[in-house]
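What follows is the residue order along each chain.
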Amino acid sequence: MILRRSKLKWLFLSLIIILSIWLLQTAQLWFEGKKVNHTLNMLQAGPYIEEDEIDLGLPNTQFAYAYHLQQRNMFEAAVDAYGKAERVSEPQQLKYIYFNMGNLYLEQAIKLAEQMGIDRATALADVAKDLYKSALKIAPSFWPAKYNYEAAQRLSRDLPLGELHEGNDAEESSEELWSAMPGFPLGLP
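Let us look at the structure shown here. Remember, it's a predicted structure, so these values are computed and weren't measured experimentally. (Residues numbered from 1 in each chain as written. Predicted model: local features only at pLDDT ≥ 70, side-chain atom pairs only at ≥ 80, totals over all residues. Heavy atoms only, no water.)

## Some thoughts on the overall build of the protein
A tally of regular secondary structure across the protein gives seven helices and zero strands. Written out in order from the N terminus, the α and β elements of the protein read α-α-α-α-α-α-α. In the protein, which comprises 189 residues, the proportion classed as buried is 30%. Pairs at least 24 apart in sequence give 52% of the contacts found in the protein among residues at least 6 apart. Surface exposure of the protein reaches about 13,900 Å², of which carbon and sulfur atoms provide 59%. (Helix = DSSP H or I, 4+ residues; strand = E, 2+ residues; numbered from the N terminus. Buried < 20%, exposed > 50% of the residue type's maximum accessible area, 1.4 Å probe, protein only. Contact = heavy atoms within 4.5 Å. Areas by Shrake-Rupley, 256 points an atom, 1.4 Å probe, with all protein chains shown as cover.)

Written as structure tokens, this is what we have:
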């Protein structure tokens, strides 16, 4: 009888310890979530927030801060912030980081192309395509990355390298030429 009571006592004590540990971990996660939500609300409020004004210790807040900078058209700062978020993020979040970085580069490429900075726009579109490819390596069915990759292709084609053949039949139809020209077509087809 005494042996049973001591076993029950230890079992009850072990159960209390396990329950206490679980409650502490749950409370920690709740406070961490509350802190992240507060930071996200601050970033969505509207005005620009400096990096030292918020806690960027968690991957979610790093990613949100990078997006905050992207929304304010701060290209260089957003690229740096996405780079920091990339280093601390989990693999599932990386596809969104690469996608957003690709969008950032593609937006810049389109702006430069509209200003006739074709060479620089092509280089930025190539970087955007590489970032979309990285997102698609993580999640091959990530449709927004596929769509934007095709948009980047319109600015910078990956033309096959091969031998140049000269001849009389070198002329191409206008449809084939149009599909290989970089840039966005104006008007409807």
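## A word on the environment of F99
You can see F99 is positioned in helix 4 (residues 91–114). Overall, the relative accessible area of 13% leaves F99 in the buried class. Sequence separation of F99 and L131 is 32 residues, and the distance between their C-alpha atoms is 6.6 Å.

## Examining the packing of helix 5 (residues 118–138) against helix 6 (residues 143–155)
The contact between helix 5 and helix 6 brings their axes to 9 Å, and the two run at 160°. As summarised for this structure, helix 5 and helix 6 are arranged roughly antiparallel, according to the angle between their axes. The way helix 5 lies across helix 6 gives a crossing that is left-handed. Along the contact surface, helix 5 presents T122, A125, K129, Y132, K133, A135 and L136, while helix 6 presents A145, K146, N148, Y149, A152, Q153 and L155. Residues of the contact of helix 5 with helix 6, tallied by class, amount to eight nonpolar, three polar and three charged. (Axes fitted to C-alpha atoms, helices over the stretch in contact; angles between N-to-C directions. Parallel < 35°, antiparallel > 145°, perpendicular 65-115°, else oblique. Left-handed = near helix turned anticlockwise from the far one by under 90°. Nonpolar A, V, L, I, M, F, W, Y, C, P; charged D, E, K, R; others polar.)

## Topic: helix 5
With 21 residues, helix 5 extends 30 Å between its outermost C-alpha atoms, agreeing within 8% with the 30 Å of an ideal straight helix rising 1.5 Å per residue. A121, L124, A125, A128, K129, L131, Y132, A135 and L136 are the residues of helix 5 that are buried. Elements that come into contact with the buried residues of helix 5 comprise helix 4 and helix 6. (Expected span 1.5 Å × (residues − 1).)

## Structural notes on the pattern of salt bridges
Overall, the coordinates contain one salt bridge when judged by the stated rule. One salt bridge in this structure joins D126 and K129, with 3.5 Å as the shortest N-O distance. In this pair, D126 and K129 are both assigned in helix 5, three residues apart and thus about one turn of the helix distant. (Salt bridge = Lys/Arg side-chain N within 4 Å of Asp/Glu carboxyl O.)

## Thoughts on helix 2 (residues 59–71)
End to end, helix 2 covers 18 Å across 13 residues, agreeing with the expected 18 Å (1.5 Å per residue, within 8%). Along helix 2, the residues that are buried comprise T61, Q62, F63, A64, Y65, A66, H68, L69 and Q70. Backbone geometry just after helix 2 places N73 at a positive phi near 60°.

## Here's the deal with the packing of aromatic side chains
Overall, the coordinates contain seven aromatic pairs when judged by the stated rule. Taking 4.9 Å as the distance between ring centres and 70° as the angle between the ring planes, the aromatic pair formed by W30 and F31 counts as edge-to-face. Comparing W30 with F31 shows no difference in burial state: the two are exposed. Ring pairing ties together the aromatic residues Y96, F99, Y132 and F142, which thus form one cluster. The ring of F142 carries the charged tip of K95 above its face, separated from the ring centre by 5.0 Å. (Phe/Tyr/Trp six-rings, centres within 6.5 Å; stacked < 30°, edge-to-face > 60°. Lys NZ or Arg CZ within 6 Å of the ring centre and 35° of its normal.)

## Topic: empty space enclosed by the protein
Per the stated rule, a full pass over the model turns up one cavity of 30 Å³ or more. Roughly 30 Å³ of internal volume is contained in the largest cavity. Every residue along the wall of the largest cavity is listed here: Q70, N73, M74, F75, L104, E107, Q108 and K111. Its residues assigned to classes, the lining of the largest cavity shows three nonpolar, three polar and two charged. (1 Å grid on protein atoms, 1.4 Å probe; cavity = no way out; pocket = protein on both sides within 12 Å on 5 of 7 lines; lining within 4 Å. Points joined across faces, edges and corners; volume = space filled by probe spheres on them.)

## Digging into the side chain of Q70
Within the secondary structure, Q70 is located in helix 2. Judged by its relative accessible area of 7%, Q70 falls in the buried class. Filtering out sequence-adjacent residues up to four positions away, Q70 remains in contact with A78, Y82, N100, N103, L104 and E107.

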